[in-house]
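The residues making up each chain are set out below.
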Amino acid sequence: MTKAATQVDSSTAPVFGGRRLSRTPVLVAPSILSADFARLGDECRAVLAAGGDLLHVDVMDGHFVPNLSMGPAVCAAVHAALPEAYLDVHLMVTDPAHYIEPFRKAGAAHITFHAEVVPDPKALVAEIRAKGMSAGVAINPDTPASALIPYLGDIDLALVMSVHPGFSGQSFIARVLEKTRAIRAAAPAGLRIQMDGGVSPDTAPACREAGCDVLVAASAIYGTPDYAAAVRAIRGG
Ligand code: DX5
Ligand code: ZN
């Protein structure tokens, strides 16, 4: 049995809503955006073996963000290679509704879309849940917490972007910590709050202190030789 398989434990508490993962309070979500795409299966396996809890799949359409990344075919290939891996799909696209079914078919366990393109998320959240996945809503660094707070009771995960989305390897924008604290204060018990962008062993403690319990990292994991040490340091004590 692979390490990834051992981490998906059906006897423990649900993480986002739909499927179940480990009991670890702070989850680390390696973003495969910084993986070596020529060896993607091995790179996914390696970060799970290193202790990563879920695989963060960054989907970009060249319109909502100024870059293109990966689509359902890549997600499906990862799912086929690692069927037990929890695939956390982050849609940085202008029309997320168009991609819910393709990513369900591709094995996504969770889908996050952006409040900037879907200001009232309830219908899309309901559609994602009806398809057996959990649902998150993301806000960019310049989007206020008020775009998210009215809907915290309707979602499984709130994602606070700590870089302007589009590229890995950018610097952490510390001013988002303040609105993260406001979101945590307003959140119902058990809501997962994810930070994404510039998260590293140096910036992760502030994210955790602000109330985040799902930490995404691409370059801080894939850019180091020791993935396990990076995952451990980001997760903290
Ligand atoms: C940014 C993506 C992030 C990105 C993070 O647009 O949503 O998930 O991969 O990369 P790092 O951790 O290198 O900032
Ligand atoms: Zn992301």
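Higher on the page you've got the structure.
Criteria and thresholds
- Residues numbered from 1 in each chain as written.
- Chains lettered and ligands numbered in written order.
- Predicted model: local features only at pLDDT ≥ 70, side-chain atom pairs only at ≥ 80, totals over all residues.
- Heavy atoms only, no water.
- Helix = DSSP H or I, 4+ residues; strand = E, 2+ residues; numbered from the N terminus.
- Buried < 20%, exposed > 50% of the residue type's maximum accessible area, 1.4 Å probe, protein only.
- Contact = heavy atoms within 4.5 Å.
- Areas by Shrake-Rupley, 256 points an atom, 1.4 Å probe, with all protein chains shown as cover.
- Near = heavy atom within 4 Å.
- Polar contact = N/O pair within 3.5 Å; in protein donor to acceptor, adjacent residues only side chain to side chain.
- Nonpolar A, V, L, I, M, F, W, Y, C, P; charged D, E, K, R; others polar.
- Donors = N, O, S within 2.8 Å, 3.2 Å for Na, K, Ca; no water.
- Tetrahedral: all angles 85-135°; square planar, octahedral: opposite > 155°, others 65-115°.
- Core = buried A, V, L, I, M, F, W, Y, C linked by side-chain atoms within 4.5 Å.

## Quick notes on the overall build of the chain
Right, on to step 1. Helix and strand counts for the chain stand at nine helices and eight strands.
Right, on to step 2. Every one of the 237 residues in the chain was classed for burial, and the buried ones make up 54%.
Right, on to step 3. Looking at the chain alone, contacts between residues at least 24 apart form 63% of all its contacts between residues at least 6 apart.
Right, on to step 4. Counting every atom, the chain has about 9400 Å² of accessible surface; 54% of that belongs to carbon and sulfur.

## Quick look at the site of ligand 1
Right, on to step 1. Close to ligand 1 lie 20 residues, the nearest being D58, G166, D196, G198 and S219.
Right, on to step 2. Measuring from an oxygen atom of ligand 1, one finds a side-chain N or O atom of H90 at 3.3 Å.
Right, on to step 3. Here an oxygen atom of ligand 1 and a side-chain polar atom of S219 are 2.5 Å apart.
Right, on to step 4. Across the complex, the protein chains shield 100% of the 380 Å² of accessible surface that ligand 1 would expose by itself.
Right, on to step 5. For the shell around ligand 1, the secondary-structure elements that each account for two or more residues are β2 (55-60), β3 (87-92) and β8 (214-217).
Right, on to step 6. With three residues, β2 is the single largest residue contributor to the shell around ligand 1.
Right, on to step 7. In the shell around ligand 1, the residues fall into nine nonpolar, nine polar and two charged.

## Points about the coordination of the zinc ion (ligand 2)
Right, on to step 1. The zinc ion (ligand 2) binds to the protein through H56 (NE2), D58 (OD), H90 (ND1) and D196 (OD), with metal-donor distances spanning 2.0 to 2.3 Å.
Right, on to step 2. One can describe the donor arrangement at the zinc ion (ligand 2) as octahedral, given that its six donor atoms subtend angles of 69 to 169 degrees at the metal.
Right, on to step 3. Written as a sequence motif, the donor residues of the zinc ion (ligand 2) are H-x1-D-x31-H-x105-D. Residue D58 is found in strand β2, and its partner H90 is found in strand β3; the two are separated by 32 residues along the sequence. Residue D58 shares its accessibility class with H90, and that shared class is buried.

## Things to note about the environment of E209
Right, on to step 1. Residue placement: E209 occurs in helix α7 (residues 204-209).
Right, on to step 2. Here E209 falls in the exposed class, since its relative accessible area comes to 68%.
Right, on to step 3. Remark: the alpha-carbon pair of E209 and L177, spanning 32 residues in sequence, is separated by 9.0 Å.

## Some points on the nonpolar core
Right, on to step 1. Ranked by internal contacts, the top residues of the largest apolar core, which has 70 residues, are I32 and M195.
Right, on to step 2. Not counting chain neighbours up to four residues away, the residues in contact with I32 comprise F37, L40, C44, L55, H56, V57, M70, V78 and Y222.

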